[in-house]
Amino acid sequence: MTQMITPQPGIMDIALYQGGASHVEGHNNVLKLSSNENPFGPSPAAIKAYEAEARMLHRYPSSDHTELREAIGDVWSVDPARVICGAGSDEIIAFLCQAYAGPGTEVIHTEHGFAMYRISALAAGATPVEVPERERVTDVDAILAACTDKTRLVFLANPNNPTGTMIGQADVARLAEGIPAQALLVLDGAYAEYVEGYDGGAALVEARQNVVMTRTFSKIYGLGGLRVGWGYGPSHVIDVLNRVRGPFNLGNAGIAAATAAMRDVAYVNHCRTENAKWRTWLADNLAELGVPSDVSLANFILARFASQEEAVACDAYLKTQGLIVRLVAGYNLPTCLRITVGDESGCKRIVHAIRQFKES
Ligand SMILES: *Cc1c(COP(=O)(O)O)cnc(C)c1O
């Protein structure tokens, strides 16, 4: 045997993604609060649309996603011609890296930024650049200072995962204004729907040529299992992304369910209201137990413990109670647990268990 084939540079630097667990040995009443899923699931209209597709499985799906893009355009007042749909927003992130980054270029993400930015940058052969935050909040000046003539993409989740914090529109606009001419700002709005009255950055996309927004059906729309996301950007960017996109990247069932979910605005509003109510309740009750968290704008809180030992011990105790939360040491937050906001009974169950842990 001569030399075996080897992957492109950067690929072997990618650590395999660790998803949120969903099973605990010996428990039949497991509550999964580790992946920021909607505790109410998707809109009943989305389930109905999904089921109707069962008779059409032999048909290839639409390659231009017109009905879904038009639903998105109607609900979010964006131009459907500049919307691109992907297999989760993960795929839009990957398209951006594939199209604009590569060997010799840099991709910026924040200190506690979403794992996919680094993974997709490395997969494209680019160099990921991590920028410090200030007390778990995005630091626009630090990002601007990290920009070089090699910078191509600047990823910012707002609200951010796993911190839950958010920066204001003036700061985001200043970032878009300040990045180098050859770079794009990517605003990841995976949790935008949880923020009352927030457009996810759509107005900034409209106003500029260097801002792209990504969104997902995996969080408030409750369709993580179907893998549907979307992006909105200037036409020159959407044209580029559509060239790297496979023509049948979404299936019929995903397109149909996402279209119905998008149009069920009342359901989304209900989920946003419930989330805000129980997020406050959860954060307040944990704070009273000596477990503080930053004000979260998303559907999870980042609970801070006194030490890594305490966070790990609490996680282990919660598992014995059938409760799965997320250790975030991989995000450089070893003293924290990220806890998805459940429904009323879920929030009560987790607070009860953490109280017992603290008292033991
Ligand atoms: C959950 C999440 C996404 C969504 O990814 P999908 O591929 O659409 O499921 C994107 N960005 C962030 C920051 C997230 O937390």
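What counts and what doesn't
- Residues numbered from 1 in each chain as written.
- Predicted model: local features only at pLDDT ≥ 70, side-chain atom pairs only at ≥ 80, totals over all residues.
- Heavy atoms only, no water.
- Near = heavy atom within 4 Å.
- Polar contact = N/O pair within 3.5 Å; in protein donor to acceptor, adjacent residues only side chain to side chain.
- Areas by Shrake-Rupley, 256 points an atom, 1.4 Å probe, with all protein chains shown as cover.
- Buried < 20%, exposed > 50% of the residue type's maximum accessible area, 1.4 Å probe, protein only.
- Helix = DSSP H or I, 4+ residues; strand = E, 2+ residues; numbered from the N terminus.
- Pairing = 2+ DSSP bridges.
- Domains from an automatic or database assignment.
- Buried area = accessible area lost by both parts, 1.4 Å probe.
- Salt bridge = Lys/Arg side-chain N within 4 Å of Asp/Glu carboxyl O.
- Phe/Tyr/Trp six-rings, centres within 6.5 Å; stacked < 30°, edge-to-face > 60°.
- Lys NZ or Arg CZ within 6 Å of the ring centre and 35° of its normal.
- Axes fitted to C-alpha atoms, helices over the stretch in contact; angles between N-to-C directions.
- Contact = heavy atoms within 4.5 Å.
- Parallel < 35°, antiparallel > 145°, perpendicular 65-115°, else oblique.
- Nonpolar A, V, L, I, M, F, W, Y, C, P; charged D, E, K, R; others polar.

We now examine the site of the ligand. In the vicinity of the ligand lie 14 residues, with Asp-188, Tyr-191, Thr-216, Ser-218 and Lys-219 positioned nearest. Measuring from an oxygen atom of the ligand, one finds a side-chain N or O atom of Asn-161 at 2.7 Å. Between the ligand and Lys-219 there is a distance of 3.2 Å, counted from an oxygen atom to a side-chain nitrogen or oxygen. Against a free-state accessible area of 390 Å², the protein chains account for coverage of 93% of the ligand.

Moving on to the pairing of strand S9 (residues 300-304). With respect to burial, S9 is a largely interior element, 4 of its 5 residues being buried. For S9 and strand S12 (residues 333-340), the ladder comprises 5 bridges, and the chain directions are antiparallel. For Leu-302, the partnering residue across the bridge sits in S12 and is Arg-338.

Examined at the domain level, the protein chain breaks down into domain 1 (11-41 + 266-359) and domain 2 (44-264). Using C-alpha coordinates to define each centre, domain 1 is positioned 24 Å away from domain 2. Interface of domain 1 and domain 2: buried area, both sides summed, is about 2,600 Å²; carbon and sulfur atoms make up 62% of it. Considering only the side of domain 1, the residues that lose the most area to domain 2 are Arg-272, Leu-297 and Tyr-331, jointly responsible for 24% of the buried surface there. Applying the counting rule to domain 1 against domain 2 returns 1 salt bridge. A salt bridge links Asp-294 to Arg-136; the nearest nitrogen and oxygen atoms lie 2.6 Å apart. For the side of domain 1 that touches domain 2, the secondary structure elements donating two or more residues are helix H10 (265-288), S9 and S12. For the side of domain 1 that touches domain 2, the leading source of residues is H10, giving 6 residues.

This model, assessed by the stated rule, comprises 7 aromatic pairs. Residues Tyr-60 and Phe-248 carry aromatic rings whose centres are separated by 4.7 Å and whose planes lie at 50° to one another, so their mutual orientation is tilted. Separated by 188 residues along the polypeptide, Tyr-60 in the loop between helix H1 (44-52) and helix H2 (66-76) and Phe-248 in the loop between helix H8 (235-244) and helix H9 (252-263) bring together distant segments of the chain. Overall, Tyr-60 belongs to the exposed group, its relative accessible area being 66%. For the ring pair Tyr-117 and Phe-155, a centre distance of 4.5 Å and an interplane angle of 5° mean the geometry is stacked. Of this pair, Tyr-117 sits in helix H4 (residues 115-123) while Phe-155 sits in strand S5 (residues 151-157), placing them 38 residues apart in sequence. Taken as a pair, Tyr-117 and Phe-155 share a single burial class, namely buried. Through a chain of ring-to-ring contacts, three or more aromatic side chains come together here, namely Phe-114, Tyr-117 and Phe-155. Here Arg-215 stacks its cationic end above the ring of Trp-76, 4.0 Å away from the centre of that ring.

Reading across the sheet, the 7 strands line up as S2-S8-S7-S6-S5-S3-S4 and stay open at both edges, with mixed pairing between neighbours. Across the chains shown, the open sheet's two edge strands, defined by having one partner strand only, are strand S2 (83-86) and strand S4 (127-131). Strand-to-strand twist across the sheet, computed as the mean angle between neighbouring axes with direction ignored, equals 20°. Here strand S3 (residues 106-110) pairs with S4 via 5 bridges, running parallel. The residue bridging His-109 from the neighbouring strand is Glu-130, located in S4.

Counting through the fold element by element, Pro-247 comes out in the loop between H8 and H9. For the pair formed by Pro-247 and Asn-158, sequence separation is 89 residues and the distance between their alpha carbons is 29 Å. With residues up to four places along the chain from it excluded, the contact list for Pro-247 reads Ser-62 and Ser-63.

Time to look at the packing of helix H3 (residues 89-100) against H8. Remark: H3 packs on H8, axes separated minimally by 9 Å, with the N-to-C direction vectors making an angle of 95°. Comparing their axes, H8 and H3 come out roughly perpendicular. Here Phe-95, Leu-96, Gln-98, Ala-99 and Tyr-100 of H3 come into contact with H8, specifically with His-236, Val-237, Val-240, Leu-241 and Val-244. Residue classes in the contact of H3 with H8 are distributed as 8 nonpolar, 2 polar and no charged.

Turning to the sheet that holds S12, a few remarks are in order. Within the open sheet, the 3 strands sit side by side as S9-S12-S11. Their pairing is antiparallel. In the strand order of this sheet, the two ends are held by S9 and strand S11 (326-328), each with one partner. Ignoring strand direction, the axes of neighbouring strands in this sheet form an average angle of 30°. Here 3 bridges tie S11 to S12, and the two strands are oriented antiparallel to one another. Residue pairing across strands places Val-328 opposite Leu-333, the latter belonging to S12.

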